[in-house]
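# Architecture at a glance
One letter stands for each residue in the lines below.
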Amino acid sequence: RAEATLAHCLPAVEPASVKPDTAGVTPTCEPFVAVFISGHLDKRLPWAQWFDILNALEAANQRHLVCLGPEEADLAPTISHHLEGSRFGALCPPQPLRDFAALVARSGVLISPDSGPLHLAAALEVPTIALMQVKKSQKFVPREPHDQALWRPTAEEVVQAVTRLDLFRRTY
């Protein structure tokens, strides 16, 4: 079921664009950036900043999946409209927890404010890029070597953090 959800959510990929890793292993699914655009109260980023981040990921040719939580379901038409014509981005509406966890597990990295999905990704050992808006979030960000915490970053800083990760080295 998660495979069908993943295939439905992500844009099509040219098989030639999937490159083997350094060991010569070709992943079964091209790595993608999961972007969870939610958060509670003061931990949320302004919507304009999310759109800047999505535009920057698109400009950097980074395949990305915009994930919504139940609280943002009403924003799906707006985000879908923003992603029209995108070559690298797609929208994933709210999913049951098991399906969402499977999507996160298959991603190369999760970009999120301090949120439940950020900690889910950390538990699944998926690299995270925590976008912090409030000081108290510094206590709770994932701290593994592959995790990054950015304080009120620009869209360009978020893309730089993504490109520092070698998404093709993950095993799927």
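Residues numbered from 1 in each chain as written. Predicted model: local features only at pLDDT ≥ 70, side-chain atom pairs only at ≥ 80, totals over all residues. Heavy atoms only, no water.

## Some points on the overall build of the protein
How we decide: Helix and strand labels come from DSSP, where a helix needs a run of H or I of at least four residues and a strand needs a run of E of at least two; each type is numbered from the N terminus. Burial status follows relative accessibility: with a 1.4 Å probe on protein chains alone, a residue under 20% of its type maximum counts as buried, one over 50% as exposed, and anything between as partly exposed. The contact criterion used is simple: two residues touch if any of their non-hydrogen atoms lie within 4.5 Å.
Looking only at helices and strands, the protein features six helices and six strands. The secondary structure elements of the protein, listed N-terminal to C-terminal, are α-β-α-β-α-β-α-β-α-β-β-α. The 172 residues of the protein split such that 49% are buried. Within the protein, contacts between residues separated by at least 24 positions form 60% of all contacts whose residues are at least 6 apart in sequence.

## Regarding the nonpolar core
Let me state the cut-off plainly: Each nonpolar core is a collection of buried residues, namely Ala, Val, Leu, Ile, Met, Phe, Trp, Tyr and Cys, held together in the definition by side-chain atoms within 4.5 Å.
Formed by 26 residues in total, the largest nonpolar core has its most connected members in V35, W50, I53, I111, I129 and L131. Put simply, the parts of the chain that give this core at least two residues each are β1 (33-36), α2 (47-59), α3 (76-83), β4 (109-112), β5 (128-132) and α6 (155-164). V35 has contacts with W50, L54, L57, H64, L65, V66, C67, L110 and I111, leaving out every residue within four places of it along the chain. Grouped together as the second largest cluster of nonpolar side chains are 13 residues, F32, A90, L110 and A121 included.

## Overview of the packing of α2 against α3
Keep this limit in mind: Between N-to-C directions, angles cover 0 to 180 degrees, with each direction set by a line fitted to C-alpha atoms, over the stretch in contact for helices. By convention, the crossing between two helices is left-handed when the near helix turns anticlockwise from the far helix through less than a right angle, and right-handed when the turn is clockwise.
Two numbers describe how α2 lies on α3: the axes approach to 11 Å, and their chain directions differ by 30 degrees. As α2 packs across α3, the resulting crossing turns out to be right-handed. Counting all contacts with α2, which are made through F51, L54 and N55, the residues of α3 involved are T78, I79 and H82.

## Re the sheet that holds β5
Counted only if it meets this: Here the rule is simple: two strands pair whenever DSSP picks up at least two bridges between them.
The six strands are arranged β3-β2-β1-β4-β5-β6 in an open sheet whose pairing can be described as parallel. This sheet does not close on itself; its edge strands, each paired only once, are β3 (89-92) and β6 (148-151). The mean inter-strand angle of the sheet, taken between neighbouring strand axes irrespective of direction, is 20 degrees. Its contacts with the sheet place helix α5 (residues 116-123) against β1, β4 and β5, and it is angled at close to 155 degrees to β5. Its contacts with the sheet place α6 against β1, β4, β5 and β6, and it is angled at close to 170 degrees to β6.

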